[in-house]
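These are the residues of each chain, in order.
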Amino acid sequence: MENSANVSERNIENSKTICAKVKEEADDEVRDILEKARAARDRILEEAKKEVFEKKNAMLKESDNEIERIKERVYSNLHLENSRAILEEKNEFAKEVLKKVNDRAQNFRSNGEYPVFLKKAVIEGVGIIDDAETEVLYSSKDSSIIDNVFIKDVEEKSTAEFKKISLEFKKSDFGDIGVIVQARSGRRIYDNRFSARLKRAHDEIYMSLLKEVFF
């Protein structure tokens, strides 16, 4: 029969073995936990780095896009300002040309071709009014031109081109070259003075000037 001293010694040995086993298992578990924690930490750090990198790239991309938008706005504004400046320059040019045309037209009265122009202006107006009784208003500055010979010639040419027309010439107080032709009843009127002709053709002449010089 085993004595109590031997039993006690064996129990102590067993306890040491158990403790050692428990400690070993605990150490293994701690190492496993630590390894998993490190792996989790590394994964989290890697994901965080990736997220930071993606956010950084997204921010850089958005920044680049914003820079491009700003550049486009700047270029658009510059183009708009440049176009506005060019358009203003074109407008001034066209206005100056039309003013010179009008000024030269006023001097046309002293030209030998002016009576021919005046007859054509009357006949053109007569054809547009197309009334048997027609009035022709002319400038007092043209009194030396609108004589009996002039009136007879216009009446003959108007009758030959259109029909028998009774023309009444009346002196008016306007100074522009050309005439105003109207039905004696007042139902129709055709302003065939140069200023009115220029106004009617203004847009066409204006665009023609711009295209010819600037395009």
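Parameters and conventions
- Residues numbered from 1 in each chain as written.
- Predicted model: local features only at pLDDT ≥ 70, side-chain atom pairs only at ≥ 80, totals over all residues.
- Heavy atoms only, no water.
- Salt bridge = Lys/Arg side-chain N within 4 Å of Asp/Glu carboxyl O.
- Helix = DSSP H or I, 4+ residues; strand = E, 2+ residues; numbered from the N terminus.
- Buried < 20%, exposed > 50% of the residue type's maximum accessible area, 1.4 Å probe, protein only.
- Polar contact = N/O pair within 3.5 Å; in protein donor to acceptor, adjacent residues only side chain to side chain.
- Contact = heavy atoms within 4.5 Å.
- Core = buried A, V, L, I, M, F, W, Y, C linked by side-chain atoms within 4.5 Å.
- Phe/Tyr/Trp six-rings, centres within 6.5 Å; stacked < 30°, edge-to-face > 60°.
- Pairing = 2+ DSSP bridges.

Peer 1: Any chance you could break down the pattern of salt bridges for me, citing the residues and the numbers?
Peer 2: Evaluation of the coordinates by the stated rule reveals 9 salt bridges. Note that Arg197 and Glu124 form a salt bridge whose closest N and O atoms lie 3.0 Å from each other. You can see Arg197 sitting in helix H4 (residues 194-200) and its partner Glu124 sitting in helix H2 (residues 114-129), a full 73 residues away along the chain. Taking the relative accessible area as the measure of exposure, Arg197 reaches 30% and is therefore partly exposed. Of the charged contacts, one joins Arg187 and Asp131 as a salt bridge, the two residues approaching to 3.3 Å between their closest N and O atoms. Placement of Arg187 in the loop between strand E3 (178-183) and strand E4 (189-193) and of Asp131 in the loop between H2 and strand E1 (133-139) is noted, with a sequence separation of 56 residues between them. Taking the relative accessible area as the measure of exposure, Asp131 reaches 11% and is therefore buried. Each member of the salt-bridge network shares a partner with another, and the members are Lys119, Asp153 and Lys157.

Peer 1: Run through the side chain of Asp131, naming residues and quoting values.
Peer 2: In terms of polar contacts, Asp131 uses its side chain to reach the side chain of Arg187, at 3.3 Å. For Asp131, the contacting residues outside a window of four places in its chain are Ile165, Ala183, Arg187 and Arg188.

Peer 1: Mind laying out the nonpolar core, listing which residues take part and the relevant values?
Peer 2: In terms of nonpolar packing, the biggest core is built from 27 residues, with Phe169 and Val179 touching the most fellow members. Elements with a minimum of two residues in this core: helix H1 (4-107), H2, E1, helix H3 (148-161), strand E2 (166-172), E3 and H4. The biggest single contributor to this core is H2, with 8 residues. Apart from the residues lying within four places of it in its own chain, the contact partners of Phe169 are Val122, Val136, Tyr138, Ile146, Phe150, Ile151 and Val154.

Peer 1: Run through the side chain of Gln182, naming residues and quoting values.
Peer 2: Structurally, the position occupied by Gln182 is in strand E3. For Gln182, a relative accessible area of 17% corresponds to the buried category. Discounting residues that sit within four places of it in the chain, Gln182 has contacts with Ile129, Thr134, Glu135, Leu137, Arg188 and Ile189.

Peer 1: Residues and numbers for the packing of aromatic side chains, please.
Peer 2: Applying the stated rule across the entire model yields 5 aromatic pairs. With a centroid separation of 5.6 Å and an interplanar angle of 75°, the aromatic rings of Phe108 and Phe117 are classed as edge-to-face. The interplanar angle of 85° and the centroid separation of 6.4 Å between the aromatic rings of Phe150 and Phe169 together place this pair among those described as edge-to-face. Of this pair, Phe150 sits in helix H3 while Phe169 sits in strand E2, and the two are 19 residues apart along the sequence. Taken as a pair, Phe150 and Phe169 share a single burial class, namely buried. Grouping aromatic residues by their ring pairs yields a cluster made of Phe108, Tyr114 and Phe117.

Peer 1: Tell me about the pairing of E4, and please be specific about residues and values.
Peer 2: Sheet analysis places E3 next to E4, joined by 5 bridges and oriented antiparallel. By the bridge assignment for E4, Gly178 is matched with Arg193. Counted along the chain from E3 to the antiparallel partner E4, the turn is 5 residues long, and its residue Gly186 has a positive phi close to 85°.

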